[in-house]
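So the chains spell out like this:
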Amino acid sequence: MFKKLTTGLTLALLLASGGAQAAGSEGYVKDHAFSFEGPFGSYDQEQLRRGLKIYTEVCSSCHGMKFVPIRSLGDEGGPHLSKEEVRAYASDFIEVWDQDLNDGEGDYREAVPADHFPKGGNANAPDLSLMAKARAGFHGPAGTGINQLVKGMGGAEYILSLLTGYTGNEKTSAGVTLYENTAYPGGWISMGPPLEDELVEFEDGHMNDLQHLSEDISAFLMWTAEPKLNDRKRAGTVGVLILGFLTLLLYLANKQLWRPIKYRND
């Protein structure tokens, strides 16, 4: 499954270099209507499964997700794989280092659902677990963050814009080939496009052009950064409804308590 890997630095190394502003010299990040946005939004399960496949086939040999337990792939609100699928994924695609093996010298073994995703194979490649929340796509005038009130932090949008922001132009500086990217701060980055049309095939025949692949991996990385988003929104909705009901009760109680005093001269 580990195939078609991109050369040089990969996605997360670019992301670790700094966030992009919504526009201007810091890079252009386009807003996108992800399913999980808004107070009632939620993750698209099938999209997360496609994103997992993209991560596995394109990103995982260099970049780890050490803060993500493998068993969370079966959680409701996430990819929601069955127990059998989680066990199969862990044993087929992931190896973890176990210091207790080989008489204490350590060795690799097949992963089990209780393990976390391992660290990446490239020591210079940053971890992807929280990358979508570590990057802010939108800021606002003079860095005030006003745009975040309307569009959110925009970490997923930043990843999406970065992956689709290559113009095809290249240049060489100090012996290093740079690629023009409209979302990257400064406009030029040292990694070529990590995704391209039809790089990953989906069993259900879902569209796999660059735009859709980028959307899927961006949504998946948002889930790894905030896997309890759906639960948090449900809890927030219930909390708001309860507070609204209590406010109404307090208002009516206040009216009733003050009625004898307010109308005592009537």
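Residues numbered from 1 in each chain as written. Predicted model: local features only at pLDDT ≥ 70, side-chain atom pairs only at ≥ 80, totals over all residues. Heavy atoms only, no water.

Student: Got a minute to help me understand the overall build of the protein in this structure?
Tutor: Assigned secondary structure in the protein consists of eight helices and five strands. Start at the N end of the protein and walk to the C end: the helices and strands fall as α-α-α-β-β-α-α-α-β-β-β-α-α. Looking at the protein as a whole, 40% of its 266 residues qualify as buried. (Helix = DSSP H or I, 4+ residues; strand = E, 2+ residues; numbered from the N terminus. Buried < 20%, exposed > 50% of the residue type's maximum accessible area, 1.4 Å probe, protein only.)

Student: Please clarify how the packing of helix 2 (residues 45-59) against helix 3 (residues 83-93) should be interpreted in this entry.
Tutor: Two numbers describe a pair of packed helices, the interaxial angle and the distance between the axes. Contact pair helix 2 / helix 3: the axes reach a minimum separation of 13 Å and the direction vectors enclose 10°. Overall, the two elements helix 2 and helix 3 adopt an arrangement that is roughly parallel. Of the residues in helix 3, those touching helix 2 at Arg49, Leu52, Tyr55 and Thr56 are Glu85, Tyr89 and Phe93. Class assignment of the residues belonging to the contact of helix 2 with helix 3 gives a composition of four nonpolar, one polar and two charged. (Axes fitted to C-alpha atoms, helices over the stretch in contact; angles between N-to-C directions. Parallel < 35°, antiparallel > 145°, perpendicular 65-115°, else oblique. Contact = heavy atoms within 4.5 Å. Nonpolar A, V, L, I, M, F, W, Y, C, P; charged D, E, K, R; others polar.)

Student: Looking at this structure, I do not really get the pattern of salt bridges. What am I missing?
Tutor: Pairs can form between side chains of opposite charge once their charged atoms are near each other. Under the criterion given, the structure shown has nine salt bridges. Taking the shortest distance from any N to any O, the salt bridge between glutamate 57 and lysine 53 comes out at 2.8 Å. Placement of the pair is glutamate 57 and lysine 53 together in helix 2, with a separation of four residues, close to one helical turn. Under the relative-accessibility criterion, lysine 53 is labelled partly exposed at 21%. Between glutamate 226 and lysine 133 there is a salt bridge; the shortest N-O distance is 3.4 Å. Of this pair, glutamate 226 sits in the loop between helix 7 (210-225) and helix 8 (229-262) while lysine 133 sits in helix 4 (residues 131-134), and the two are 93 residues apart along the sequence. For glutamate 226, a relative accessible area of 14% puts it in the buried group. (Salt bridge = Lys/Arg side-chain N within 4 Å of Asp/Glu carboxyl O.)

Student: Honestly, the packing of aromatic side chains in this entry has me stumped. Any pointers?
Tutor: Two numbers describe a pair of aromatic rings. These are the distance of the centres and the angle of the planes. Following the criterion strictly, the structure yields eight aromatic pairs and no others. Measuring from ring centre to ring centre gives 5.0 Å for phenylalanine 34 and phenylalanine 36, while their planes differ by 15°; the resulting arrangement is stacked. Judged by relative accessible area, phenylalanine 34 falls into the buried class, the value being 6%. Pairing phenylalanine 36 with tyrosine 43 gives two aromatic rings, centres 5.3 Å apart and planes at 50°, and the pair type is tilted. Here phenylalanine 36 and tyrosine 43 have matching classes, each one buried. Each residue in the set Tyr55, Tyr89, Phe93, Phe117, Phe220 and Trp223 is aromatic and connected to the rest through ring pairs, giving one cluster. (Phe/Tyr/Trp six-rings, centres within 6.5 Å; stacked < 30°, edge-to-face > 60°.)

Student: I would appreciate a short explanation of the pairing of strand 3 (residues 166-173) in the present structure.
Tutor: Side chains on a regular strand alternate between the two faces of the sheet. Two elements, strand 3 and strand 4 (residues 176-181), share five bridges in a ladder whose sense is antiparallel. The partner of tyrosine 166 across the bridge, within strand 4, is asparagine 181. (Pairing = 2+ DSSP bridges.)

Student: I would appreciate a short explanation of the nonpolar core in the present structure.
Tutor: As a rule of thumb, nonpolar side chains are buried together in soluble globular proteins. Among the nonpolar cores identified, the biggest contains 41 residues, and Tyr55, Leu73 and Phe117 are the most heavily contacted of them. Every element with two or more residues in this core is listed here: helix 2, helix 3, helix 4, helix 6 (155-163) and helix 7. Looking at this core element by element, the count peaks at eight residues for helix 7. If near-sequence neighbours (up to four positions away) are discounted, tyrosine 55 is found in contact with Ser60, His63, Gly64, Met65, Tyr89, Phe117, Leu128, Ile217 and Phe220. (Core = buried A, V, L, I, M, F, W, Y, C linked by side-chain atoms within 4.5 Å.)

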